[in-house]
Amino acid sequence: MLPVAALLLAGCTQDDVALSDATPAKAVAITFACSADDDAGPSATRAANGYTGVINKENNELYYTGFGVFAAQSADGKPDLMYNQQVEYVFRPDSPIEAGYWTYTPLKYWPADISDCYLCAYAPYVDMPSSPLPSGTTGITGMSSNDDTTPYLVYTRASHPEDNVDLLWGYFKPEERAVARLQMHHALARLRLNLTLTSDVPAGTKVLLRQVRLSGTMAQTGHLVLSGHATNAAGKLIPTWTDQTLAATTIDVYADPENHSDSYGVVAEGLRYVADLPYAWQPAGLTKNQQVNVLCMGDYPSFVYLIPQGGEFALDCTVYYTLVKSDGTTEHGLRKTDSPATLPSLNGNTTYDLNLNISLT
């Protein structure tokens, strides 16, 4: 046997020796750390395609909804490492919520060369939506295929705030084969609806709201590009949306949503007119020069959630009010803004104040 061994060693070149001495890259599993931006607001439990309600750092809902991941390792950008991979949170018994960890299966590993790698994620996680979807489905209603080089989600807006799916997105470009730390940002735009009465209130009179109407051209569906984002002038990340379908849309907020199934939330309790209620029992109503938030969901202030769209965003706004007088008489009126309320743009991850002024004269 010795001559044979000697023959084999003699046949090795210098390159062969170098190759045999090389140490292969250690396998490093892809693990996650993930958190969501703060975004105050109530949660809800009505069914939609995706968790309904606000997902933020404060309420820890991300731990319950989980998130989906698209990951690429090749230069073409196709999600060939992960495709809509569900990542779930494991809670440790009798421990603080932060003591748990994120997990998924099957476990994947960083490639030796991560130069072409990226990961993009969204929340709340949903299975690949079926086709066709039941009529009226809102939330996450579609997603790109595993052959698309730019992963995206299809999102359909809800006509009620309690049906809203708070869509989050995050992007991660690894610099080393280590924990993928995902920061999730809010992908929708939201409007805070503020109203100010600019005229005096007659003595013994309460100014109460029956309805507020917003009308304009709004996106009904859109594609959220998970691997794309931009930065606004304040340095805040804003998501990339494409392929929006626009339509003339009316949003009505009523004081009595039980009589209006199309009501988007409800007029705030201290402002709403209650039919057939005596003067003394009616809410306080509007006060001159005091700005108030008009829209509520249940007992909580809420927002109008919209799919971002490019260009100037304009809304025609009409306020329907009732004057309730101490002698028991009422007078109904309306005030329409003289010109559309406009915003220069409607970006995701942004809250806009829609400030309306009305006068009784």
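Computed from a predicted structure; not experimentally measured.

Caption draft 1: Seen up close, the packing of aromatic side chains. Enumeration according to the criterion identifies 14 aromatic pairs in this entry. For the ring pair Tyr89 and Trp102, a centre distance of 4.9 Å and an interplane angle of 70 degrees mean the geometry is edge-to-face. You can see Tyr89 sitting in strand E3 (residues 82-90) and its partner Trp102 sitting in strand E4 (residues 101-103), a full 13 residues away along the chain. Its relative accessible area of 10% is what places Tyr89 among the buried residues. Ring geometry for Tyr122 and Tyr125: centres 6.5 Å apart, planes at 20 degrees, overall stacked. Here Tyr122 matches Tyr125 in class, with each residue buried.

Caption draft 2: Expanded view of unusual backbone geometry. For the bond running from Thr105 to Pro106, omega is 0 degrees, close enough to zero to count as cis. Within the secondary structure layout, Pro106 lies in the loop between E4 and strand E5 (118-123). Here the bond from Ser131 into Pro132 is cis, since omega is 0 degrees, no more than 30 degrees from zero. Note that Pro132 resides in the loop between E5 and strand E6 (139-143). The backbone phi angle of Asp94 is positive, close to 55 degrees, even though this residue is not glycine. Along the chain, Asp94 falls in the loop between E3 and E4.

Caption draft 3: Looking closely at the pairing of strand E9 (residues 180-186). The buried fraction of E9 amounts to five of the seven residues, a majority that puts the element mostly inside the structure. Pairing analysis gives five bridges linking strand E1 (residues 32-36) to E9, with the strands arranged parallel. Counted as the bridge partner of Ser35 is Gln183 from E9. Bridge analysis of strand E8 (residues 168-172) against E9 gives two bridges, and the strand direction is antiparallel. Pairing of Leu168 across the sheet is with His186, part of E9.

Caption draft 4: Structural view of the confidence of the model for the protein. Averaged over all residues, the pLDDT of the protein equals 87, while 88% of them reach at least 70. Segment residues 1-21: pLDDT under 50, and two contacts once partners within four positions in sequence are set aside and those in other chains are kept. Throughout residues 40-48 the model reports pLDDT below 50, and contacts reaching past four residues in sequence, or to other chains, amount to 27 contacts.

Caption draft 5: Up close: the nonpolar core. Ranked by internal contacts, the top residues of the largest apolar core, which has 63 residues, are Tyr122, Leu191, Leu195, Leu209, Leu214, Leu286 and Leu354. Among the elements that make up this core, the one with the highest residue count is strand E11 (residues 205-231) (eight residues).

Caption draft 6: Representation of a negative patch on the surface in the model. Together, Asp76, Asp80, Asp113 and Asp116 give the surface a local cluster of negative charge. Take Asp76: it is sitting in the loop between strand E2 (67-72) and E3. For Asp76, a relative accessible area of 42% corresponds to the partly exposed category.

Conventions we followed
Residues numbered from 1 in each chain as written. Predicted model: local features only at pLDDT ≥ 70, side-chain atom pairs only at ≥ 80, totals over all residues. Heavy atoms only, no water. Phe/Tyr/Trp six-rings, centres within 6.5 Å; stacked < 30°, edge-to-face > 60°. Helix = DSSP H or I, 4+ residues; strand = E, 2+ residues; numbered from the N terminus. Buried < 20%, exposed > 50% of the residue type's maximum accessible area, 1.4 Å probe, protein only. Pairing = 2+ DSSP bridges. pLDDT = per-residue confidence, 0-100. Contact = heavy atoms within 4.5 Å. Core = buried A, V, L, I, M, F, W, Y, C linked by side-chain atoms within 4.5 Å. Patch = residues over 30% accessible without salt bridge, like charges linked within 9 Å, V, L, I, M, F, W, Y side chains within 5 Å. Areas by Shrake-Rupley, 256 points an atom, 1.4 Å probe, with all protein chains shown as cover. Salt bridge = Lys/Arg side-chain N within 4 Å of Asp/Glu carboxyl O. Lys, Arg positive; Asp, Glu negative; His and termini not counted. Charge placed at Lys NZ, Arg CZ, Asp CG, Glu CD.

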